[in-house]
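# Reading the structure
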Amino acid sequence: DRSSDVCSSDLAQSVDATLLLVGDGEQREELEQMAANSGLDNVRFLGFLQREELPEIYQAADVFVLPSLQDCWALVTGEALASGLPVIDSIYNGGAEELVDEGENGWITDPLDHADLTSKLELAYHAHDRKPAMAALSREKIAQMSVERVAQRIRDAIAQVHTTPTKSTGEE
């Protein structure tokens, strides 16, 4: 399990940071017990939060991590970017490649690869001096996803298709 790997890692034991886990699921009790058994007093299980409670959490965070194994477009990634957070996004989030510039406003990881996820967490932990630049790029990236801009990109793509000459197959 990804969360148990992170909770038991040397990184979790050695950094001066707090891990906030938002959301509920069938593994919550097991993970809480694992954190307690590992002596991790820097892990907080916040459970399910209402939408209006999330901005306070984003503002308290230094980085946002989405270890999802399946998501076609995770809205929470956009919320984190709009909050100016660098993100560690999953390769299984369909929007990750469009929203995250590797090392510039975050990182993309395979959450099933414990070593890679831990490495990205370490990079984020040591990126404090770059946080203002990362925050600016995060906000810029999500601003490009406005309805107006996406609609214009679709119109441009359609126009490109209509102006591109088609090849004759010779079967006319």
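Details of the structure are given in the entry above.
First things first, this report covers the structure right here in the doc. (Residues numbered from 1 in each chain as written. Predicted model: local features only at pLDDT ≥ 70, side-chain atom pairs only at ≥ 80, totals over all residues. Heavy atoms only, no water.)

## Remarks on the overall build of the chain
Keep this limit in mind: Helix numbering and strand numbering both begin at the N terminus, where a helix is a DSSP run of H or I of at least 4 residues and a strand a DSSP run of E of at least 2. Using a 1.4 Å probe on the protein chains alone, a residue whose accessible area is under 20% of its type maximum counts as buried, one over 50% counts as exposed, and one in between counts as partly exposed. By definition in these notes, contact holds between two residues if any of their heavy atoms fall within 4.5 Å. Working definition of accessibility: Shrake-Rupley area with a 1.4 Å probe, residue cover restricted to the visible protein chains.
When helices and strands are tallied, the chain shows 9 helices and 5 strands. Starting at the N terminus and ending at the C terminus, the chain contains elements arranged as α-α-β-α-β-α-β-α-β-α-β-α-α-α. Out of the 172 residues belonging to the chain, those deemed buried represent 35%. Excluding contacts between residues fewer than 6 apart, the proportion of contacts in the chain whose partners are at least 24 apart in sequence is 52%. Element-wise, carbon and sulfur atoms account for 52% of the exposed surface of the chain, whose accessible area totals about 10,800 Å².

## Description of the pairing of strand β5 (residues 106-109)
The following threshold applies: By the convention used here, strands pair only if DSSP detects at least 2 bridges between them.
Across the two faces of β5 the burial is the same, with G106 and I108 and W107 and T109 all buried. One ladder, built from 4 bridges, connects strand β4 (residues 87-90) with β5; its direction is parallel. The partner of S90 across the bridge, within β5, is T109.

## A few points about the pairing of β4
This is how the line gets drawn: Clockwise travel from the first strand over the helix to the second, with the strands pointing away from the viewer, marks a crossover as right-handed.
Side-chain alternation along β4 places V87 and D89 on one buried face and I88 and S90 on a second face that is also buried. Here 2 bridges tie strand β3 (residues 64-65) to β4, and the two strands are oriented parallel to one another. Within β4, the position partnered with V65 by the bridge is I88. Chirality of the crossover, the property in question, places the unit of β3, helix α5 (residues 75-82) and β4 among those that are right-handed.

## What about the nonpolar core?
One recurring pattern in soluble globular proteins: nonpolar side chains tend to sit buried together. Definition in use: Each nonpolar core is a collection of buried residues, namely Ala, Val, Leu, Ile, Met, Phe, Trp, Tyr and Cys, held together in the definition by side-chain atoms within 4.5 Å.
Of all hydrophobic cores here, the largest spans 18 residues; its most connected members are Y58, F64, A80, L85, V87 and L99. Contributions of two or more residues to this core are made by α4 (54-60), α5 and α6 (96-99). Looking at this core, the element that brings in the most residues is α4, giving 3 residues. Membership of the second largest hydrophobic core comes to 7 residues, among which are I88, L117, L121 and A127.

## Examining α5
Applied cut-off: When we speak of the arc, we mean the arc of directions from the helix axis to the C-beta atoms.
Looking at α5, one finds that the buried residues are T77, G78, A80 and L81. Projection of α5 onto a plane perpendicular to its axis shows the buried side chains occupying an angular sector of 160°, all on one side. Buried residues along α5 sit in contact with α4, β3, β4, α6 and α8 (131-143). Directly beyond the C-terminal end of α5, a positive phi value near 80° is found at G84.

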